[in-house]
Protein chains: 4
Amino acid sequence: MTTSYPRIAGQSLERLAALSDGIFAVALTLLVLDLRVPVGEVTGQHPVWTAQGRSADRAAWEVLVEVGPHFLPFVMSFMTLGIFWIGQQTQLNHFARTDRHLTWIHLAFLALVCLMPFSTNFVGEYPTARIPFVTYWLNLLLLGLVLMASLRYAARHGMFKTDDVLGALRRRIVFYQACYAGAMALSLVDTYVSMGALVLLQLLSALAPPIPPFDRY
Amino acid sequence: MTTSYPRIAGQSLERLAALSDGIFAVALTLLVLDLRVPVGEVTGQHPVWTAQGRSADRAAWEVLVEVGPHFLPFVMSFMTLGIFWIGQQTQLNHFARTDRHLTWIHLAFLALVCLMPFSTNFVGEYPTARIPFVTYWLNLLLLGLVLMASLRYAARHGMFKTDDVLGALRRRIVFYQACYAGAMALSLVDTYVSMGALVLLQLLSALAPPIPPFDRY
Amino acid sequence: MTTSYPRIAGQSLERLAALSDGIFAVALTLLVLDLRVPVGEVTGQHPVWTAQGRSADRAAWEVLVEVGPHFLPFVMSFMTLGIFWIGQQTQLNHFARTDRHLTWIHLAFLALVCLMPFSTNFVGEYPTARIPFVTYWLNLLLLGLVLMASLRYAARHGMFKTDDVLGALRRRIVFYQACYAGAMALSLVDTYVSMGALVLLQLLSALAPPIPPFDRY
Amino acid sequence: MTTSYPRIAGQSLERLAALSDGIFAVALTLLVLDLRVPVGEVTGQHPVWTAQGRSADRAAWEVLVEVGPHFLPFVMSFMTLGIFWIGQQTQLNHFARTDRHLTWIHLAFLALVCLMPFSTNFVGEYPTARIPFVTYWLNLLLLGLVLMASLRYAARHGMFKTDDVLGALRRRIVFYQACYAGAMALSLVDTYVSMGALVLLQLLSALAPPIPPFDRY
């Protein structure tokens, strides 16, 4: 009997975890590339209590004013990627093994992670338009759906170390995807309200305060 | 008897795997840098049912139209790199140890991985020309040849944990390289047909559906 | 009794360490992107003792003169990130486990790490202004505060392997943050003196010479 | 007795190896960013045997001609970084433990690794000038000196698992640094000859052929 490639390929959970950490690390750092400092002019050195000393700061202040609005999308997407990193990590921690299909499901997940800097940038450049929001939300939705597919595949093929975590992992995804859909619906009226709702949701997800129902998901 | 450097150098499979994951992570994320959002203009905030609200989306729509065609090369190369990541991972999983020569074979493999964003970009910018396709195909061919050299070297020097996987790993490379060569030949007539054939092959490789002969490789 | 997601999420110290190494690696390498070589013109090949041979070096020399001043911020920030990498590593090495809250504290830490290339660049472009210095110092201060929050949380929830390291870790942060604040105060008079003091502090931190009180922190 | 921070900081060999792999991975991939494809124009689709089909390739050919000369510095630096990655890996594999000083020596090593894409780019843009070559060589020299300092420190503080590898590691560095210095001296006459000698040396280092004295180092 000969071994076939599909039976032996992609079976390392450690390698999958390492690739995931690498891709999340690069994607998280790329979010910052949007915060770019324009080339400055070096002026003379004067103490801060002189007029020349204060005037040197005027150009620097303009940089902060210009870069400032890009901080919000940076924070929002850093939190989003953090949430999904923890979500995927929690799944992988509870898998006993992987196979080629499950590995490909997670490669699809990582491709969506790679798209997050693009979606973030799109919202950052067109904050009052609807299409970037829908793009961003689709990115979130697909991330959730792929994680759901991973759960379903792993459950069907007996890949969980213990079965008692499956329900919690599944409810978590459904609950937050419902919240995301609600936050997105608000963008039809006002995109800034929608962005605020999304940041609030992510804060709740990150802080996990003892407020029902957020303390359970 | 003194120890010589070549005997003690490059013997860590773990470090080789970690470097590979890092390089694949960066290369996969760099593919997305091609999807760039042009600087936008922030307009006022209006609900979507007003004329002003809809007009704000026109500029955003143009961005999607412009960026859209770059999604196909992104998906194609993400899948290609995923396939080769799994291919290399499967080899390393079955090696009992490595030495300096095998490490250098894999460094050559990683250099070719680093070139994939360039090849992808080349095809993306000149989708109807033949030279970018030949470049892309040479990249694929060399990746396959280096993996083959790795197999041959490891087999000759007894580095496999078990010998029964060698045949499957070798047949897999030959089969898909033959398919790639066929897909590339189509580009002489029509480059889009060739790109479509390549994406189809990669889908078959990723999904491993129960269709002979694709279920065996 | 059902398991809830917050109880099972984000519990891998290994994954947290791996993500941290990835983010530090990318952030450290991004610091260098500031050292950019302008596109050059290829001239003929002449030995160094001829006039043409020497003139070929004039353009190259100008590149060094232009890029030179950016080396100091590169070195300063590389050392800063190195110091905080060791600081976080030392904490993680002494934790017995993590949970979702501690993981989020460290994600906040990593977000601040991602901002360091921006702060560095800001100081590099406006070296005589005060605002970039305050930004840089705020970045350092927040990194210290978040590491302090991590210590406090881990201590309260019994996550340390041994309790005897807590004091040393805490004193170290307080001591160096006090030094940083002092170095920053100098920038009100002269920003270059302030930068020099900061580099000196970081050298003391890196070299840990037997000079009291620096040998104890 | 209280524990002091310098005694407990920076003691993880695993974290040092992981950070090193991350930095090498990013630095190796950044080398390719120099191979940039200019934005192209999409023309119609025609078979290769028609005149229009062939004319579509003219623009693509010009890209290859333009990008071509950058392949040599890419290959040269990829090999250089590969050599030093193996060199550092071999050291770390033979260390039983690390401390804060040894960790800082390796952080200095990694800072020099981060500078390699800059040095490479400098040579690539001014291939006939001497200053970029001296810069590149200084980078190589410092990398060697820091690895030597690491060996010396580890030997003095009993950090080697076994003592019998120290001599081989040291001789290797001295031998190749002498070769590098020789290759660099050639650049005073002709920079291309010098580049060729460097690539040849790196091939000998990578392939380790049975040619004395290269088979011993």
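These numbers come from a predicted model, not from an experiment. Residue indices begin from 1 for each chain and proceed along its sequence in written order. Chain letters and ligand numbers both follow the written order, the letters beginning at A and the numbers at 1. Per-residue local features are limited, in this predicted model, to residues with pLDDT of at least 70; the limit for side-chain atom pairs, both in listing and counting, is 80 or more; totals at the level of whole chains, interfaces and linings are taken over all residues. To get the side-chain values, take all heavy atoms of the structure and skip hydrogens and water.

Caption draft 1: Here's a closer look at the relation of the copies chain A and chain C. If you rotate chain A by 90° and push it 0.0 Å along the axis, it lands on chain C with an RMSD of 0.0 Å. Here the two chains are linked by the operation of a four-fold rotation axis. Among all residues of chain A, the minimum C-alpha distance to the rotation axis is found for Gly22 of chain A, at 4.0 Å. Residue contacts are defined here by distance: any two heavy atoms, one from each residue, within 4.5 Å place the two residues in contact. Little of the interface of chain A is mirrored in chain C: 2% of its interface residues are interface residues there too. When the copies are superposed, the least-squares fit takes in the C-alpha atoms of residues with a pLDDT of at least 70 in both.

Caption draft 2: View of the interface of chain D and chain C. Contacts between the two partners involve 45 residues from chain D, matched on the other side by 61 residues from chain C. Interface area for chain D against chain C, summed over the two sides, is near 4,500 Å², with a carbon-plus-sulfur share of 68%. Buried area is understood as the total, over both parts, of accessible area removed when two parts are fitted together, assessed with a 1.4 Å probe. Three residues, Tyr5, Arg15 and Trp104 of chain D, lead the burial of chain D against chain C; their summed loss comes to 19% of the area buried on that side. In what follows, salt bridge is the name for a side-chain nitrogen of Lys or Arg lying within 4 Å of a carboxyl oxygen of Asp or Glu. At the boundary of chain D and chain C, one finds one salt bridge. In this structure, Arg15 of chain D and Asp21 of chain C form a salt bridge, with 2.9 Å as the shortest nitrogen-oxygen distance. Secondary structure follows DSSP: runs of H or I at least 4 residues long count as helices, runs of E at least 2 residues long count as strands, and numbering of each begins at the N terminus. Mapped onto the side of chain D that touches chain C, the elements with two or more residues apiece are helix H1 (5-8), helix H2 (13-30), helix H5 (100-125), helix H6 (131-156) and helix H8 (191-207) of chain D. For the side of chain D that touches chain C, the leading source of residues is H5 of chain D, giving 13 residues.

Caption draft 3: Structural context of the arrangement of the chains. A minimum C-alpha distance of 8 Å separates chain B and chain C, which share no contact. Nothing in chain A touches chain D; the tightest C-alpha to C-alpha distance between them is still 8 Å.

Caption draft 4: Just the relation of the copies chain D and chain C, in detail. For the pair chain D and chain C, the best superposition has an RMSD of 0.0 Å and corresponds to a rotation of 90° with a translation of 0.0 Å parallel to the axis. Mapped onto chain C, only 2% of the interface residues of chain D are again interface residues, and the two copies thus contact each other with different surfaces.

Caption draft 5: Representation of helix H8 (residues 191-207) of chain B within the structure. All names here are of chain B. Compared with an ideal rise of 1.5 Å per residue, which puts 17 residues at 24 Å, H8 spans 24 Å between its outermost C-alpha atoms and is within 8% of the ideal. For H8, the N-terminal cap is Asp190; the gap from its side-chain oxygen to the backbone nitrogen of Tyr192 is 2.8 Å. Just downstream of H8, Ala208 is the residue with a positive phi angle, here 45°. Between the first and last residue of a helix there are one fewer steps than residues, each counted as 1.5 Å, and that sum is the expected span. Identification of polar contacts relies on pairs of N or O atoms within 3.5 Å, with a donor-acceptor requirement for protein atoms, meaning one able to donate a hydrogen and the other able to accept it, and with residues adjacent in sequence counted only if both atoms are side-chain atoms.

Caption draft 6: Examining the packing of helix H6 (residues 130-156) of chain A against helix H7 (residues 166-185) of chain A more closely. All names here are of chain A. Packing of H6 against H7 brings their axes to within 10 Å, and their N-to-C directions diverge by 165°. Comparing the axis directions of H6 and H7 gives the class roughly antiparallel. For the pair H6 and H7, the sense of crossing is left-handed. Of the residues in H7, those in contact with Phe133, Tyr136, Trp137, Leu140, Leu141, Gly144, Leu147, Met148, Leu151 and Ala155 of H6 are Leu166, Leu169, Arg170, Ile173, Val174, Gln177, Tyr180, Ala181 and Met184. Basically, the charged four are Asp, Glu, Lys and Arg, the nonpolar ten are Ala, Val, Leu, Ile, Met, Phe, Trp, Tyr, Cys and Pro, and anything else, Gly included, counts as polar. Among the residues forming the contact of H6 with H7, the class breakdown is 16 nonpolar, two polar and one charged. An axis is simply a line fitted to the C-alpha atoms; with a helix, the fit covers only the stretch in contact. Between two such axes, the angle follows the N-to-C directions and lies from 0 to 180 degrees. The scheme is simple: roughly parallel for angles under 35 degrees, roughly antiparallel for over 145, roughly perpendicular for 65 to 115, oblique for anything else. Each crossing gets its hand from how the near helix is turned against the far one by less than a right angle, where anticlockwise is left-handed and clockwise is right-handed.

Caption draft 7: Main features of the UniProt feature "transmembrane region" (unreviewed entry) in chain A. UniProt positions are given in the numbering used here, feature names are shortened, and annotations may be inferred rather than shown by experiment. In the UniProt entry, the feature "transmembrane region" (unreviewed entry) is given for residues 12-33, 71-90, 102-124, 136-155 and 175-208 of chain A. Within residues 71-90 of chain A, the helical portion is 100% and the strand portion 0%, while the C-alpha atoms at the span's ends are 28 Å from each other.

Caption draft 8: Spotlight on the interface of chain A and chain C. On the side of chain C, 45 residues touch chain A, which itself brings 61 residues to the contact. Across the chain A to chain C interface the summed buried area is about 4,400 Å²; carbon plus sulfur atoms make up 68%. At the boundary of chain A and chain C, one finds one salt bridge. Broken down by secondary-structure element, the contributors of at least two residues to the side of chain A that touches chain C are helix H2 (13-30), helix H3 (51-67), helix H4 (71-94), H7 and helix H8 (191-207) of chain A. With 15 residues, H4 of chain A is the single largest residue contributor to the side of chain A that touches chain C.

Caption draft 9: A look at a nonpolar patch on the surface. What makes a patch is a set of residues exposed beyond 30% relative accessible area and free of salt bridges, joined within 9 Å when like-charged and within 5 Å when nonpolar (Val, Leu, Ile, Met, Phe, Trp, Tyr). We get accessible surface area from the Shrake-Rupley algorithm with a probe of 1.4 Å; when it comes to residues, only the shown protein chains can shield them. Residues Trp49 of chain A together with Leu188 and Val189 of chain C make up a contiguous nonpolar surface patch of about 320 Å² in total accessible area. Inspection of the secondary structure assignment puts Val189 of chain C in the loop between helix H7 (166-185) and helix H8 (191-207).

Caption draft 10: Expanded view of the packing of H4 of chain A against H8 of chain A. Residue and element names in this part refer to chain A. Look at H4 against H8: their axes get within 10 Å of each other, and the N-to-C directions meet at 40°. By the angle between their directions, the pair H4 and H8 is classed as oblique. Regarding H4 and H8, the two cross each other, and that crossing is left-handed. Contacts from Leu72, Met76, Met79, Thr80 and Ile83 in H4 reach Met195, Leu198, Val199, Gln202, Leu203, Ser205 and Ala206 in H8.

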